[in-house]
Number of protein chains: 2
Amino acid sequence: MRYRITVSYDGTGFCGWQSQPSGRSVQDALENAVFRLSGERTHVVGSGRTDAGVHAIAQVAHFELSREYENKTIVGALNAHLPRSVRVSDCRRADDGFDARKSAKRKTYMYLMYRGERSPLLDGRAVAVGDADCESMRRIAEDIVGTHDFTTFMAHGSGAKNAVRTVYSVRFEDDGKFIKMFITANGFLYNMVRIIAALMIKAGHGEPVDIKALLAARDRTAAKDTAPPYGLYLYDVEYE
Amino acid sequence: MRYRITVSYDGTGFCGWQSQPSGRSVQDALENAVFRLSGERTHVVGSGRTDAGVHAIAQVAHFELSREYENKTIVGALNAHLPRSVRVSDCRRADDGFDARKSAKRKTYMYLMYRGERSPLLDGRAVAVGDADCESMRRIAEDIVGTHDFTTFMAHGSGAKNAVRTVYSVRFEDDGKFIKMFITANGFLYNMVRIIAALMIKAGHGEPVDIKALLAARDRTAAKDTAPPYGLYLYDVEYE
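Owing to the predicted nature of the structure, the values given are computational and were not obtained by experimental measurement. In this numbering scheme, every chain counts its residues from 1 along its sequence in written order. Whichever chain is written first becomes A and whichever ligand is written first becomes 1, with later ones labelled in order. Where totals are concerned, whole chains, interfaces and linings use all residues; where local detail is concerned, this predicted model gives features only for residues with pLDDT of at least 70, and gives and counts side-chain atom pairs only at 80 or more. Note that water and hydrogens are dropped before the side-chain values are worked out from all heavy atoms of the structure.

(A) Region of the structure containing the overall build of chain A. Comment: elements are numbered from the N terminus, with helices defined as DSSP H or I runs of at least four residues and strands as E runs of at least two. In terms of regular secondary structure, chain A is built from five helices and ten strands. Against the 2.2 N^0.38 benchmark of 18 Å for 240 residues, chain A shows a C-alpha radius of gyration of 19 Å, consistent with a compact globule. In terms of principal-axis extent, the alpha carbons of chain A reach across some 55 × 40 × 30 Å. Classification of the 240 residues of chain A by burial places 55% in the buried group. Whether two residues are in contact is decided by their heavy atoms: any pair within 4.5 Å suffices. Here the contacts in chain A between residues at least 6 apart in sequence split such that 71% fall between residues at least 24 apart. By element, 46% of the accessible surface of chain A is carried by carbon and sulfur atoms, the whole surface being about 10,900 Å². If you average the places of the 33 positive and of the 30 negative side-chain charges in chain A, the two averages end up 3 Å apart. Radius of gyration means the value over C-alpha atoms here, while the globule rule gives 2.2 Å times the residue count to the 0.38 power. For the exposure calls, accessible area comes from a 1.4 Å probe over protein chains only, and a residue counts as buried if that area is under 20% of its type's maximum, exposed if over 50%, partly exposed in between. Areas reported as accessible are Shrake-Rupley estimates using a 1.4 Å probe. Residue values count occlusion only from the protein chains shown. Neither His nor the chain ends is counted toward charge; the positive residues are Lys and Arg and the negative residues Asp and Glu. Charge positions are represented by NZ for Lys, CZ for Arg, CG for Asp and CD for Glu.

Here is the structure:
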């Protein structure tokens, strides 16, 4: 029986999504909870990795169990066994052909910024950007949309063979205090959203940022900075 | 030289404001930072205590040092020595007659609630209230405003001799997701806001809550519940 779950987590205390010998990953926490429910050791396969400190509003994952459970039993039991920093919001049966990683068609990340000085109450969940101007961000964001070779926007150490991705939209919400950047693509390279967020913050402070030239450079050293992980949220994963 | 500072903090990792032998209080963190700036051991006197897990957006405190420093030097040096969970946003010189606790005329607390199921990303900073109705909260809130004996709304163990307080306003902001309750008074009894918040949550779920009868009872056991500390924020302290 294959199950598909939707998971939210506060990435602060984790070494990231991916299972680690330390066991301090979100995947380990979920696999332990599944074991405590079922007595079965199984892999919980996520739509993709998130780094240490990166959060998820709706990560999607799948796993297999030999026994059949009601969906609500799985939600209740997993939440009872998970730490408070991880929560399963949904469970449904999936076809054997469904793979949380391979079947994902579009993903959306949110990058959360706030105006003003660093606040202890937002620390670890959002990034302080002083008096950044959101209109300047919107202007350069247009050049990111489309199908491009994003080599410049890929961290070293990424295993990706092909850096071509299609960005469907970069959208901002600005309520005066918070600036939310939403970016939707068919896939993301390692650190791609955080590298884009760092450029947005630069542009927001009036520094010149030429996205077209950066894309054309196909050189990671052209876009130097990477914004902090704790502003980043895996927001949505879409399937066919 | 007497200095007045404004401080924000995430109360999660602290045993509260008040200095403790464990040293894990906000007051201890501030007194250590003042010592590292000045070499002087001094008391940092807050406008009032906050419990473990309670946050502050603008706590006010004072302390004395024999040497004169520029205000911005104090802000910079304290922030350099404080953990990231505490931040000094302002410092100014105060008259010798100024006492952060005794001179306070009005205080405002915020209680932060959100609709829906518990979210790991809001855990420790706000309280999940399902589909609570804010209009029902507004209706009962009217009866809290005024000068009353708040014995029913005071936790056991409070040292207060006199439970009469004047509540100037109880105000709500509701953006559909978050419900913020702001309550302003000339002073608060131990756990008073959290006891009121628990009644609001009850009313928000359609349970009958009779504030007038509760006030008249002058009996703590009449209002049974206390809402969690982590929804509570010391929001503002006003002086003459």
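(B) Broad picture of helix α3 (residues 134–141) of chain A. All names here are of chain A. Along α3, the residues that are buried comprise C134, S136, M137, I140 and A141. Down the axis of α3, the buried set is contained in an arc of 155 degrees. They therefore lie on one face. As for α3, its buried residues are in contact with β5 (104–114), β8 (164–174), β9 (178–185), α4 (192–204) and α5 (211–217). By the criterion applied in these results, polar contacts are pairs of N or O atoms within 3.5 Å in which, for protein atoms, one can donate a hydrogen and the other can accept it, and in which residues neighboring in sequence qualify only through two side-chain atoms. At the N-terminal end of α3, a side-chain oxygen is found 3.4 Å from the backbone nitrogen of E135, two or three residues along, and the residue is D133. It is the directions from the helix axis to the C-beta atoms whose arc is reported.

(C) Here's a closer look at the side chain of T6 of chain A. Residues and elements named next belong to chain A. Secondary-structure assignment places T6 in strand β1 (residues 2–9). Owing to a relative accessible area of 15%, T6 belongs among the buried residues under this scheme. Ignoring anything within four residues of it in the chain, the contact list for T6 reads A58, Q59, V60, R87, V88, S89 and D90.

(D) View of the relation of the copies chain B and chain A. Only residues with pLDDT of at least 70 in both copies count here: their C-alpha atoms drive the least-squares fit that superposes the copies. Of the transformation placing chain B onto chain A, the axial shift is 0.0 Å and the rotation is 180 degrees, giving an RMSD of 0.0 Å. The superposition of one copy onto the other is thereby described by a two-fold rotation axis. Most of the interface of chain B is mirrored in chain A: 100% of its interface residues are interface residues there too.

(E) Expanded view of the interface of chain B and chain A. Each partner contributes to the interface: chain B provides 19 residues, whereas chain A provides 19 residues. Accessible surface is computed with a 1.4 Å probe, and the buried area is the amount of it that two parts give up when combined, taken over both parts together. Buried area between chain B and chain A, both sides added, is near 1,600 Å², and the carbon and sulfur share of it is 48%. It is R84, P120 and L121 of chain B in chain B that bury the most area against chain A; as a group they hold 44% of the surface buried on that side. Salt-bridge detection follows one rule: a side-chain nitrogen of Lys or Arg within 4 Å of a carboxyl oxygen of Asp or Glu. Counting the contacts that link chain B with chain A gives four salt bridges. Of the charged contacts, one joins D123 of chain A and R84 of chain B as a salt bridge, the two residues approaching to 2.8 Å between their closest N and O atoms.

(F) Summary view of the pairing of β1 of chain A. Residue and element names in this part refer to chain A. Taken across its eight residues, β1 has eight buried, putting it largely inside the fold. Alternating positions in β1 separate into two faces, R2, R4, T6 and S8 on one and Y3, I5, V7 and Y9 on the other, with burial throughout. As defined by bridge partners, β1 adjoins strand β4 (residues 86–94) across eight bridges and the pair is classed as antiparallel. Across the sheet, residue R4 finds its bridge partner in β4, namely R92. As paired elements, β1 and strand β3 (residues 55–64) share seven bridges and run antiparallel to each other. Residue pairing across strands places I5 opposite A61, the latter belonging to β3. Strand pairing requires that DSSP identify at least two bridges connecting the strands.

Taken by themselves, the reported measurements are silent on function.
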